[in-house]
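# Results of the structural survey
What follows is the residue order along each chain.
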Amino acid sequence: MLVRTRMLAVATIAAAMSCGRTELRTSPDGAALDARTDGARPDVPIVDGPIPDVIEDVPSPDVPDVPVACMVDRDCPSSRPRCDLSTNTCVECLLDPDCPAGQRCVSNACRPACGRGAPCTNPGEQCCSGACAPVQSDNLNCGGCGLRCPADTRCTLGMCRPVGCPGGCGPLRSCCDTSCVDTASDNLNCGACGVACGPGTTCQGGRCLMTSPCDRCRPDQLCCAGACVDPALDANNCGACGRRCLSGQGCIAGTCVGCGPCPAGNTCCSSVCVNLTADRSNCGACGRACGAGQVCVAGMCVTQTCPGGCAAGQVCCLGVCTSTAVEPPLCGACGPDCPARPGTLAACAGDRCRYTCTGTFGDCDGDLRNGCEVDLSSSASNCGACGRVCPMGTRCSSGACVAPGCGAGPACTAGNTCCMDRCVDTQSDASNCGACGMACPAGQACSMGRCSPVSTGVEGAFEPMVNPTYLTPGVHNFTTIRVPAGVVVYVAGAGPQAGTLDLRATGDIRIDGMIDVSGGPGTQSTIASRTTREGRAGSGGFTGELRSAPLSPACEWVAGISGSNGPMVPGSTGTCRVGSNGMCITDNTTRLMMAAPAAQFGGGSGVFSGYRAYGAGGGGHAGGGPGNLGALFMGQLGCTGVTGGGGTALGSGGRAAVMGPLAVYNGRDGVLGQTQCPGARPGIPAAWVGGGGGGSIGTAAANDLAIGSTFYPGSGGGGGSADYLNRPAFGGTSGGGGGGGALRLWTPTSITITGRLLANGGDGGDAYIGTNMAAGCDPQPGAAGGGGSGGVIFLRAPTVSVAASARVLAVGGAGGFGSLYASGGGGGAGGLGRVRISANPATCALSGMINPPVVSGCAPTPGAGTPGRAYVASYPN
């Protein structure tokens, strides 16, 4: 339906050619923008509709004295088996049949029946309406039958007394009876007054959730098999979970020390097995050393001599000179103490030193003279056992061969660090700020590796009333942010932060209007008849700003002007001469073989005429390439034009991946075709018209869906190209759309979105229509530009609410449409952008249109993220 509507619009423009000009697409106003951003974009999937809440079914234990929350009767304990759906609390009864014989249900409690000669027997009770009522505490019969307590009061000692908290409770707290409590974390008043959490659950974000036995582990403890342990002292988890010390060993400072099992006849002394009957340092008892000239015999120190002494390399052992040049050396009564060797425990057995490997070390070279030289827990060639080699592409971790990288996942990208088997950016991760395990306090964020308040608040409250309102690019520090309905906020300005808005606040953020950092559209070329020798090349759209570059001069041969913004290095210029976009080029065959100047961050420009002319590739990390050209014919000269900022090939879309799941972020290729008008001489084909490729966020960004180190805008689409040498007429080509910008909203309180947040890529300029009816096919059609890629949107707060009416979009721009009178020349669509939401799952609600869409509501995204979907994390990460 979209194509059909567009073709009707094109036909209408063609019919208006007699007026001398074609009305072209310009930067849209609010209404046009609304229609474009509601999802009518070809080849880009959009998921609409509310996302249901997830209700956790936590069984309520038997707690007799406090209310228990419920949804159905089976949630309730045996003492209060019925669920009162009007309050969602467990009660003793709802009707009289719920009570035992001889009792009635009064105020959801079973009470003894009375009347007709059956009196109330309990002290303080009266017979009211056939049931015994405790008139000292019954709100329906306070002090006597039928005396009902008004609202906001409670029956105490037979009188209705006010219930409340004098002076109020302030923000974030509620008055329950007479106490101020935080219903987000109070186990007795969870989510509402009187709703208690049972054993095994805690109140988190106003909901009773199952707790883990390890939630209360101290920082110096580890969670091992569901229990908190001290790895510095636990012999079953010494230094790490599951690392057991040998029998007889203890755990000291995370290291197994002691002898382990000693050979028969030996005793453990200071972590060494010794023979107390012959060891000079432990003769008869540990630590009892023999004096100089003495030896240990039968556990006693005795003096013995060798007449005349002993030669070098010998010792006097039991009165006999004995050589020590044996392996293992002699010990005990016949030699010195056993020398220490790396990774071993030494013991004297049978007057010889015996060595055993300790901990995770192994003797893999078979030579104990250098000890147990290999750590079997980390050696890739001896993983868990000597000679066990890990397969290529894996690594050794804790004695097992595991997948490469961080934990079981891929290796961390540049700029990230592996912390507890998770890749994080220690410059921005609040749980690992500056180094692994360095968590920021509540209410602070990690920036440049240091914990600091999210916002300094130096710019005060931001509540714009002027429409539109423009902000300079980069970081802004507000106290609160509120964009009213009907107000649109844009970013405007050049420099390294161009196209980027990082809005931070100390308080709440609410967007009822719109913040738009979408890329600008590429403009369409204008072509007059050959007799006028005038026309304009299409220009590229800005990245992160809804505007386009100014048009080049009106003349026969000129290059267009590329879109602006951003610090990226431009693409290569190819072999063509780079034409001017500020002045006309003279009629010279070599000079007219040209390419438009390379773009940086914005959309690539088109060219006007030229014998063989290339538009500019889109700027950015992976901009779309310029339109391709057809094959040369006999005698025709050739050259190659500029490529996109990401180094893409001619006419192709920017690339994030050659194939696989990440290819969803690729820009689409432009379409190469021919006009219907043949050349001026026999054998010359019709003119080639090549559409520009769509932009892409690039490989680095596609591998960083968590947006840990690549918070930057998208890339522009490429401009069209054309070839008019020796053909009856000439024409111009259109520019590519700019990339979507980068938008972040950040606060330690709450973010509420009822309006729109947009970081879409700009659309490519449509091809000039041309004509095949006028004499000599004058003028001929040009080629279209490619769309810019989507940008990035990042929401970070404990509480995030995206209403059903809201739109959070970061999708690629549409490629420009080719002419009715050419077989190709259409531009490629831009690739998908990224969205990240960091919030507490218990205080998160995502009901609006989000594209790329979330995987499963507010549930945190596993691993490194799902290609083509938004990334969701638990605040403050």
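Here the structure is a predicted model, which means the values were calculated and not measured.

On to the side chain of S525, then. Relative to the helices and strands, S525 resides in the loop between β39 (514–516) and β40 (526–527). With sequence-adjacent residues up to four places away left out, S525 is seen in contact with R536, A537, G538, G732, T733, S734 and Y768.

With respect to the helices and strands, A822 occurs in the loop between β55 (807–809) and β56 (834–839). Contacts of A822, omitting those with residues within four sequence positions, involve Q674, T675, V689 and P781.

It is worth spelling out the nonpolar core at this point. The biggest cluster of nonpolar side chains holds 39 residues, and the ones touching the most others in it are I511, I515, L745, L757, V800 and L846. Setting aside chain neighbours within four positions, we find L745 in contact with L503, I509, I511, I515, I751, I753, L757, F794, L795 and R796. The next biggest cluster of nonpolar side chains, apart from the first, holds 17 residues, and it includes A559, L592, V607 and L629.

Another aspect to go through is the pairing of strand β36 (residues 488–491). Burial along β36 is two-sided: the residues V488 and Y490 and V489 and V491 are all buried. Where strand β33 (residues 469–471) and β36 come together, 3 bridges link them in parallel fashion. Looking across to β36, one finds that L471 is bridged to V491. Pairing of β36 with β39, which is carried by 2 bridges, proceeds in the parallel orientation. Within the sheet, the bridge partner assigned to V488 lies in β39 and is M514.

Glancing now at the sheet that holds strand β54 (residues 799–802). Across the sheet, which stays open at both edges, the 5 strands sit in the order β35-β38-β51-β54-β57 with parallel pairing between neighbours. In this open sheet, the two edge strands, each paired with only one partner strand, are β35 (481–483) and β57 (844–846). Neighbour-to-neighbour, the strand axes of this sheet turn through a mean angle of 10°, independent of strand direction.

Tallying each qualifying case throughout the model produces 12 salt bridges. As a salt-bridge pair, R482 and E463 come within 2.9 Å of each other at their nearest N and O atoms. Of this pair, R482 sits in strand β35 while E463 sits in the loop between β32 (450–453) and β33, and the two are 19 residues apart along the sequence. Overall, R482 belongs to the partly exposed group, its relative accessible area being 34%. Look at E463 and you get partly exposed, because its relative accessible area is 43%. Here R510 ties to D512 by a salt bridge, and the two come within 3.1 Å at their closest N and O atoms. Three or more residues are tied together by salt bridges with common partners; here these are E463, R482, R510 and D512.

Scanning the entire structure with this criterion turns up 2 aromatic pairs. Both rings, one in F462 and one in F478, keep their centres 4.9 Å apart while their planes meet at 20°; by these two values the pair is stacked. Remark: F478 occurs in strand β34 (residues 474–478) and F462 occurs in the loop between β32 and β33; sequence separation between them is 16 residues. With a relative accessible area of 3%, F478 lands in the buried category. Above the plane of the ring of F711 lies R744, whose end atom (NZ or CZ) is 4.2 Å from the centre.

Summed over all chains, the structure comprises 20 disulfides. Across the disulfide from C290 sits C301; the S-S distance is 2.0 Å. When the S-S torsion is -85°, as for the bridge of C290 with C301, the disulfide is left-handed. Taken as a pair, C290 in the loop between β18 (272–274) and β19 (294–297) and C301 in strand β20 (residues 300–303) lie far apart in primary sequence, 11 residues in all.

Sheet topology places strand β3 (residues 103–106) next to strand β4 (residues 109–112); 4 bridges connect them, and they run antiparallel. Bridge pairing in β4 links Q103 to P112. Counting the residues that bridge the hairpin from β3 to β4 gives 2 residues, and of these S107 lies at a positive phi of roughly 55°.

The next subject is unusual backbone geometry. In this model, N467 is joined to P468 through a cis peptide bond whose omega is -5°. Structurally, the position occupied by P468 is in the loop between β32 and β33. Look at the link from N851 to P852: it is a cis peptide, with omega at 5°. Not every positive phi belongs to a glycine, and I707 is a case in point at roughly 55°. Here I707 lies in the loop between α3 (699–702) and β49 (721–723).

Moving on, we come to the sheet that holds strand β46 (residues 612–614). Reading across the sheet, the 6 strands line up as β43-β44-β46-β49-β48-β47 and stay open at both edges, with mixed pairing between neighbours. Looking at which strands have only one partner, the edges of the open sheet turn out to be β43 (577–578) and β47 (672–674). Two elements, β47 and strand β48 (residues 688–690), share 3 bridges in a ladder whose sense is antiparallel. In the sheet register, G673 faces β48, and the bridge partner there is V689.

Looking now at the environment of G717. With respect to the helices and strands, the residue G717 is situated in the loop between α3 and β49. Sequence spacing of G717 and G737 is 20 residues, and the spatial spacing of their C-alpha atoms is 5.3 Å.

Turning our attention to the confidence of the model for the protein. Across the protein, the average pLDDT comes to 79, with 80% of residues at 70 or higher. Of the regions scoring below 50 in pLDDT, residues 1–64 engages in 100 contacts with residues more than four places distant in sequence or in other chains.

Analysis parameters
Residues numbered from 1 in each chain as written. Predicted model: local features only at pLDDT ≥ 70, side-chain atom pairs only at ≥ 80, totals over all residues. Heavy atoms only, no water. Helix = DSSP H or I, 4+ residues; strand = E, 2+ residues; numbered from the N terminus. Contact = heavy atoms within 4.5 Å. Core = buried A, V, L, I, M, F, W, Y, C linked by side-chain atoms within 4.5 Å. Buried < 20%, exposed > 50% of the residue type's maximum accessible area, 1.4 Å probe, protein only. Pairing = 2+ DSSP bridges. Axes fitted to C-alpha atoms, helices over the stretch in contact; angles between N-to-C directions. Salt bridge = Lys/Arg side-chain N within 4 Å of Asp/Glu carboxyl O. Phe/Tyr/Trp six-rings, centres within 6.5 Å; stacked < 30°, edge-to-face > 60°. Lys NZ or Arg CZ within 6 Å of the ring centre and 35° of its normal. Disulfide = S-S within 2.5 Å. pLDDT = per-residue confidence, 0-100.

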